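If you want the building blocks of each chain, they are given just below.
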Amino acid sequence: MPERKRLLEGFKTFRKKYYEDSDWMQQLLKNGTHPDFFVIHCIDPRSGAATVFNTDPGELFGDRVMGALVPPYEEGNDFAASLSYAIKHKKIKHLIILGHTQCGGIEALVNNTNDKDIAGWMSSAQHAFDYAKTIVGIQNKQALCEETEKQAVIMGLKNLMTYPTVKDAFDKGDITLNGWLFDMKNAAIYGYNTAKSSFENLTDPQQGQQQQINSL
Ligand SMILES: [Zn+2]
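Keep in mind the model is a prediction, meaning the values are calculated, not measured.

### So, the overall build of the chain
Moving on, step 1. A count of helices and strands for the chain gives 10 helices and 6 strands.
Moving on, step 2. The C-alpha radius of gyration computed for the chain amounts to 18 Å, which stays within 12% of the reference 17 Å derived for 216 residues, consistent with globular compactness.
Moving on, step 3. Projecting the C-alpha coordinates of the chain onto the three principal axes gives extents of approximately 55 × 45 × 45 Å.
Moving on, step 4. Buried positions account for 31% of the 216 residues belonging to the chain.
Moving on, step 5. Taking as baseline every contact in the chain between residues at least 6 positions apart, the subset at least 24 positions apart corresponds to 62%.

### Some thoughts on the confidence of the model for the chain
Moving on, step 1. Across the chain, pLDDT averages 94, with 95% of residues at or above 70.
Moving on, step 2. Ignoring residues within four places in sequence, the model shows residues 210-216, a span with pLDDT below 50, making 15 contacts including any to other chains.

### Overview of the nonpolar core
Moving on, step 1. Residues I97, L98 and A125 are the most contacted members of the largest nonpolar core, which totals 46 residues.
Moving on, step 2. Among the elements that take part in this core, helix α8 (residues 141-160) stands out by supplying 6 residues, more than any other.

### Description of helix α1 (residues 2-20)
Moving on, step 1. If you check α1, its first and last C-alpha atoms are 25 Å apart, about what 19 residues at 1.5 Å a residue would give, namely 27 Å.
Moving on, step 2. Sparse coverage of α1 is indicated by the burial of 0 of its 19 residues.

### Some remarks on the sheet that holds strand β5 (residues 188-193)
Moving on, step 1. Taken in spatial order, the 6 strands of this open sheet run β2-β1-β3-β4-β5-β6, and their pairing is mixed. Taken across any chain shown, the strands that pair with only one partner, and hence form the sheet edges, are β2 (60-64) and β6 (198-201). For this sheet, the mean inter-axis angle between neighbouring strands, taken without regard to orientation, is 30°.
Moving on, step 2. The pairing of strand β1 (residues 37-41) with β2 spans 5 bridges and is classified as parallel. Bridge assignment links V39 to a residue of β2, and that residue is G62.

### Details of unusual backbone geometry
Moving on, step 1. Not every positive phi belongs to a glycine, and K91 is a case in point at roughly 55°.
Moving on, step 2. Looking at the element boundaries, K91 is found in the loop between α4 (78-89) and β3 (94-100).
Moving on, step 3. Given 13 C-beta atoms within a 10 Å radius, K91 is considered partly exposed.
Moving on, step 4. The phi torsion at N112 lies on the positive side, around 55°, for a residue other than glycine.
Moving on, step 5. Assignment of secondary structure puts N112 in the loop between α5 (104-110) and α6 (116-122).

### Examining the pairing of β1
Moving on, step 1. Within β1, 4 of the 5 residues are buried, which leaves the element mostly enclosed by the surrounding structure.
Moving on, step 2. Here β1 pairs with β3 via 5 bridges, running parallel. Across the sheet, residue F38 finds its bridge partner in β3, namely L95.

### Description of the packing of α4 against helix α9 (residues 164-171)
Moving on, step 1. In contact at an axis separation of 9 Å, α4 and α9 are set at 30° when each is read in the N-to-C sense. Compared by their axis directions, α4 and α9 come out roughly parallel. By crossing handedness, the relation of α4 to α9 is classed as left-handed. Facing α4, whose interface residues are L83, S84, I87 and K88, α9 presents T165, V166 and A169.
Moving on, step 2. For the contact of α4 with α9, the per-class residue count stands at 4 nonpolar, 2 polar and 1 charged.

Parameters and conventions
Each chain has its residues counted from 1, running along the sequence as written. Only residues with pLDDT of at least 70 are given local features in this predicted model, and only at 80 or more are side-chain atom pairs given and counted; all residues enter the totals for whole chains, interfaces and linings. Think of it this way: any DSSP run of H or I at least four residues long counts as a helix, any run of E at least two long counts as a strand, and we number them from the N terminus. When we talk radius of gyration, it's over C-alpha atoms, and the globule rule is simply 2.2 Å times the number of residues to the 0.38. As a rule, residues whose C-beta atom has 12 or fewer other C-beta atoms within 10 Å are exposed, those with 20 or more are buried, and those in between are partly exposed; C-beta atoms are placed from the backbone. Two residues qualify as a contact pair if the distance between their C-beta atoms, derived from the backbone, is within 7 Å. Scored between 0 and 100, pLDDT is the confidence that the predictor attaches to each residue. By our criterion, buried Ala, Val, Leu, Ile, Met, Phe, Trp, Tyr and Cys residues that link up through C-beta atoms within 7 Å make up a nonpolar core. Take the number of residues in a helix, subtract one, and multiply by 1.5 Å to get its expected span. Here, any two strands with at least 2 DSSP bridges between them count as paired. An axis is simply a line fitted to the C-alpha atoms; with a helix, the fit covers only the stretch in contact. Between two such axes, the angle follows the N-to-C directions and lies from 0 to 180 degrees. Any angle that is under 35 degrees is reported as roughly parallel, and any over 145 degrees as roughly antiparallel; angles of 65 to 115 degrees are reported as roughly perpendicular and all others as oblique. Helix crossings get a hand from a simple test, with the near helix turned counterclockwise from the far one by less than a right angle marking a left-handed crossing and a clockwise turn marking a right-handed one. Residues are grouped as follows: nonpolar covers Ala, Val, Leu, Ile, Met, Phe, Trp, Tyr, Cys and Pro; charged covers Asp, Glu, Lys and Arg; every other residue, Gly included, is treated as polar.

Written as structure tokens, this is what we have:
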């Protein structure tokens, strides 16, 4: 019970902030929500988008899946439904994959976990893992995990374009596609630059290149 009490205490803080000290939630209920962002993020409890980006209720859609993986399009799957709703009906402007460093899901893939459920889901990143091996080899596990984390984000961007709703909105210029990586150790957000085929430090660009090489 003490653990659950923590959540209820947290709810009271939330209620005070958004119901009692302001009419934030009442305004959202009255006017509806029109978030600019849709973020696909990992189940890791340290990497939640609302926490990392310090957003208020109503500011972003979030879809949490292990490894922040995006599998290829399949009619009516969770992603197809969520993205269709957010893009067609709520007119989001930016679609973001938020991977992160030290990802347990990616580590399970690299370590070839024998948990069939985890392995089954993470196998959708097999191509990213295989490609990472060609870049950093298999000797250094940490380097392989870090490279796979990056390649999984890039793979996710490619897979997003297999979703008809996403491709249509992107081709029309209605949405941007963004592959980001939360570097938990160095407290920075990196973004994939498609033209340069590299990740760049978005939060502290002056430190970008060096830190990029050292930490990712
Ligand atoms: Zn993760």
